[in-house]
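Chains, contacts and geometry: an overview
As a plain string of letters, each chain reads:
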Amino acid sequence: MGSKEDCSRVCRVLAAQVAEVQARFESSSQELIATLDRLDGLLAADPAHARETAAMQDALDGLLFAQAQEHDIIRQMMGVIAHALSLLPDGIDPDRLVGLYISDAQRDVHRAALERGDAD
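All residue numbers refer to positions counted from 1 along the written sequence of the respective chain. Where local features are concerned, this predicted model is filtered to residues with pLDDT of at least 70; where side-chain atom pairs are given and counted, the filter is 80 or more; whole-chain, interface and lining totals use all residues. In computing side-chain properties, one takes all heavy atoms of the structure into account and sets aside hydrogens as well as water.

1. Considerations on the overall build of the chain
The helix and strand labels rest on DSSP assignments: H or I over at least four residues marks a helix, E over at least two residues marks a strand, and numbering proceeds from the N terminus. Secondary structure assignment for the chain yields four helices and zero strands. Ordered by position from the N terminus, the helices and strands of the chain form the series α-α-α-α. Every one of the 120 residues in the chain was classed for burial, and the buried ones make up 22%. For the chain, restricting intrachain contacts to residue pairs at least 6 apart in sequence, the fraction spanning at least 24 positions comes to 61%. Note on areas: these come from Shrake-Rupley sampling with a 1.4 Å probe, and a residue is covered only by the protein chains present in the view. For the chain, the computed accessible surface area is about 8200 Å², with 58% contributed by carbon and sulfur atoms. To sort residues, take the accessible area from a 1.4 Å probe on protein chains only and compare it with the maximum for the residue type: under 20% means buried, over 50% means exposed, and anything in between is partly exposed. Contact between two residues is taken to exist if any of their heavy atoms lie within 4.5 Å; hydrogens are not considered.

2. Some words on the environment of Gln-67
For Gln-67, the location among the structural elements is in helix α2 (residues 50–87). On the basis of relative accessible area, Gln-67 is assigned to the partly exposed category, the value being 23%. Remark: the alpha-carbon pair of Gln-67 and Ile-33, spanning 34 residues in sequence, is separated by 8.3 Å.

3. A closer look at the side chain of Gln-106
Following the sequence through the fold, Gln-106 ends up in helix α4 (residues 104–119). Residue Gln-106 is classed as buried on the basis of its relative accessible area of 4%. Any pair of nitrogen or oxygen atoms within 3.5 Å is treated as a polar contact; in protein, a donor-acceptor pairing is required on top of that, and neighbouring residues in sequence qualify only through side-chain atoms on both sides. Side-chain polar atoms of Gln-106 contact the backbone oxygen of Gln-76, separated by 3.4 Å. Apart from the residues lying within four places of it in its own chain, the contact partners of Gln-106 are Gln-76, Met-77, Val-80 and Tyr-101.

4. Considerations on α2
Think of an α-helix as 3.6 residues a turn; residues three or four steps apart then line up on the same face. Multiplying 1.5 Å by the helix residue count minus one yields the expected span of that helix. Look at α2: 55 Å from first C-alpha to last across 38 residues, which is about the 56 Å you get at 1.5 Å a residue. Of the residues making up α2, those classed as buried are Thr-53, Leu-60, Leu-64, His-71, Ile-73, Gln-76, Met-78, Val-80, Ala-82, Ala-84 and Leu-85.

See the structure below:
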């Protein structure tokens, strides 16, 4: 890459792209959850198959819970990436980056990336 200014510009562009991905992900996540909620409501409205309906509602509840957790961690990870990119090249180093993390999954990815880089 060229100058330090060029690097800063690239980092800002990447941060903006990650922020856009984050916004699109959140929108599609909301659509998925709304669709599953509507399906849950339809199942609850059909008393003719109570046992099957209860089993399906339990499955949907489990799916909604798992998806909500997964979407939350993805949102958190994208948020940290966007924030870190906005601080580069001068505003952050790998040790400070760890302080931005919210989850162990983020710390695991960070650690693995550094280990891979050190091994090369």
